[in-house]
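Report on the structure
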Amino acid sequence: MKKTILSLVTFLSMYTIVTAQSIDDGKKFLYYERYTSAKQAFEKLASGNKDAEAVYWLGQAYVDADQLDSAKAVYQNALTAGLNDPWIWIGSAHVDVLQGGDINAAKQKFEQAITATTKTKGRNKGPNADILNAIGRAMADGPSTVGDPNYGIDKLKQAASIDPQNPGIFINLGKCYLKLGGDHGGEAFEAFRQATVINPQFALGYYRIGLIYQSQRNQESMNEWYGKAINADPAFAPVYLQYFQYYSETDVSAAKEYLDKFIANADKDCKTEYFVGDYLFRAGKYQESLAKAKEMESGSCKDYPSISILYAYNYDRLGDSVQAKSYIQKYFAAASPDALQPADYAFAGSILAKFPDGEDSAIAYLQKAVELDTVKDEQLKYLITAGKIAAASANYRKQLALIKKMETINGGKLSETEYFNLAKAITDAKEADSSKTFDSSKYLIGDSVIMLYVSAYPDKPQGYSFRTRFAKMSDVDSTRGLAVAPIEQYNEFLSKDTSADSKKSMFANYYYLLLYYAQYATDVPKEQEYQRAIDVTEKMKAIYPDPNSDEYKFADGTGKSLQSSLDKFNKSKAAGGSGSGKSQK
């Protein structure tokens, strides 16, 4: 009897060890981002013994693979089957938060899970560190607009005090700090570094630090920490994928080298097949990339959402905007919101902007990209694109708001190139506008946008030039005098430069004013209009003082003609008449 009992105890002990090892094996697959293998491991475990922790991790495998609906189904099915366990509560609340659910309701479930698993007696009295870590993991997941990272930090610090040798706790802690914004980058760095101190072979910690430096455009430090990740664990596939994406638009050969290393260490699944197609697109092999998409679509990957964006990329590059639009819409309809990246929204915006009446939707997509991205340079890039789209549709009010947002993100004025591109977009759009209708509010806002350039870089000529061009094009028949103030401002700037080009520009600007005062101005009595035109000819002669120059001769002759007309007008007026008409010069 004693032998039988001993055998039973031994069996149960071994069973427990095998179960624990199986969960750890599945978690290791998640660590390597081998989601297909992780799901297979946890599915066997969850279906075999109804282990709540195994079911939790099965759901997490779907969460990490951006399959939130599948994860939700895992937890809902477990609850329906009677597996009402703290692990399931946490997993279910995690998915709810990612899908836009009530954070306070989720916290209530988290607190219930903590209470239910807290031991009140024995050596291990107190909360369960794994439960606390799972809650912290939920708060670390998703973009900065999702969850409560401070709540997660509180739970993770508590978990670390109980289990200080678990590097995974510090990874989740670092991710929570990152969600709080750039001011907490140092705390995130220290959390990730601590994970590598606990386990020097823990490649994920080095990799996470590398991501921080990549977001800062610090290639040297990025390479240092990615290199440490590879040295710590050459089988850590995520770092190779990151390098592939880093080089995919700048060095296709390097990208291919890292893609091969990623494939060698990753699951052979739809994800790896997709990146093969993505590489072919980046390499300019559009037909081969389309063939890969069609191959995936006809096989076991037919429901893989990213097939649609692969089609969209290729059709857009091949100039088929209609097909590109159709496929990007399919992608957004099928993909999990948590899987959508800032670049996806930006790409969608670029496609929609090519269609009539698509500007507002395009700008909305780009603003979503800004909201999701944490890299300042990328945010500014998306906003510049949105600003150009707004300008092209003459929505200067929206463009002005976008520029203000850019200045806020940048912490002050933008670069000259950024202002130049935004001002140029306005003048280009106006030049392409065949409408003769004048909208004073649009003009004033457009002028205000260009004035941001002038104010930010008053020592650069382009802002003044754009403002003058915009005013001239907006005043189609020159009757409103819109260009008078911009020209006077521009010429004041040009007067500081004695170069031939500056003189030529000033002379052309004065010629415009000459015509306006002599032919169209009506804001002052007629004799004053004549006098202003004559004054302009004097300024023109001052630019080219040589009496033998063509410019001087033109200005002098025009001035004399205008003076003669003014004299006749005054003589007629003194005689009781209404004066003569304008000069026909």
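Each remark here, short or long, concerns the structure printed above.
Now for a quick tour of the structure. The model shown is predicted, which means the values in this text are computed figures rather than measured ones.

Quick word on empty space enclosed by the protein
With the rule as written, the count across this model stands at 2 cavities of 30 Å³ or more. By volume, the largest cavity is sized at about 40 Å³. Every residue along the wall of the largest cavity is listed here: E33, R34, Y35, F262, A266, D267, D269, K271 and T272. In terms of residue class, the lining of the largest cavity is built from 3 nonpolar, 1 polar and 5 charged. Estimates place the volume of the second largest cavity at around 30 Å³. What lines the second largest cavity is simply I403, Y419, L422, A423, V449, I450 and Y453. Counting residues per element, the ones that place at least two in the lining of the second largest cavity are α23 (416-432) and α24 (440-456). Residues belonging to the lining of the second largest cavity are distributed by class as follows: 7 nonpolar, no polar and no charged.

Quick notes on the pattern of salt bridges
Counted under the stated rule, the structure contains 29 salt bridges. We note a salt bridge from R137 to D64, for which the minimum N-O separation is 2.8 Å. Placement of R137 in helix α7 (residues 129-140) and of D64 in helix α3 (residues 52-64) is noted, with a sequence separation of 73 residues between them. Linking D523 and R532 is a salt bridge whose minimum nitrogen-to-oxygen distance equals 2.7 Å. On the basis of relative accessible area, D523 is assigned to the exposed category, the value being 54%. The exposure class assigned to R532 is partly exposed, which follows from its relative accessible area of 24%. Linked through salt bridges whose partners overlap, the residues forming this network are R217, D377, E378 and K381.

How each quantity is defined
- Numbering of residues begins from 1 in every chain and follows the order in which that chain's sequence is written.
- Restriction of local features to residues with pLDDT of at least 70 applies here, the model being predicted, together with a cutoff of 80 or more for giving and counting side-chain atom pairs; totals for whole chains, interfaces and linings are based on all residues.
- Where side-chain values are given, they derive from all heavy atoms of the structure, hydrogens and water being excluded.
- Grid points spaced at 1 Å over the protein atoms alone were grouped into cavities, where a 1.4 Å probe fits but cannot get out, and pockets, open sets with protein on both sides within 12 Å along at least five of seven lines, with lining residues defined by an atom within 4 Å of a point.
- Grid points are joined across faces, edges and corners, and a volume is the space filled by probe spheres set on the points.
- Ten residue types, Ala, Val, Leu, Ile, Met, Phe, Trp, Tyr, Cys and Pro, are classed as nonpolar, four, Asp, Glu, Lys and Arg, as charged, and the remainder, Gly among them, as polar.
- Helix and strand assignments follow DSSP, with helices taken as H or I runs no shorter than four residues and strands as E runs no shorter than two, numbered in order from the N terminus.
- For this document, the term salt bridge refers to a Lys or Arg side-chain nitrogen within 4 Å of an Asp or Glu carboxyl oxygen.
- With a 1.4 Å probe rolled over the protein chains alone, any residue whose accessible area is under 20% of its type maximum counts as buried; one over 50% counts as exposed, and the rest are partly exposed.

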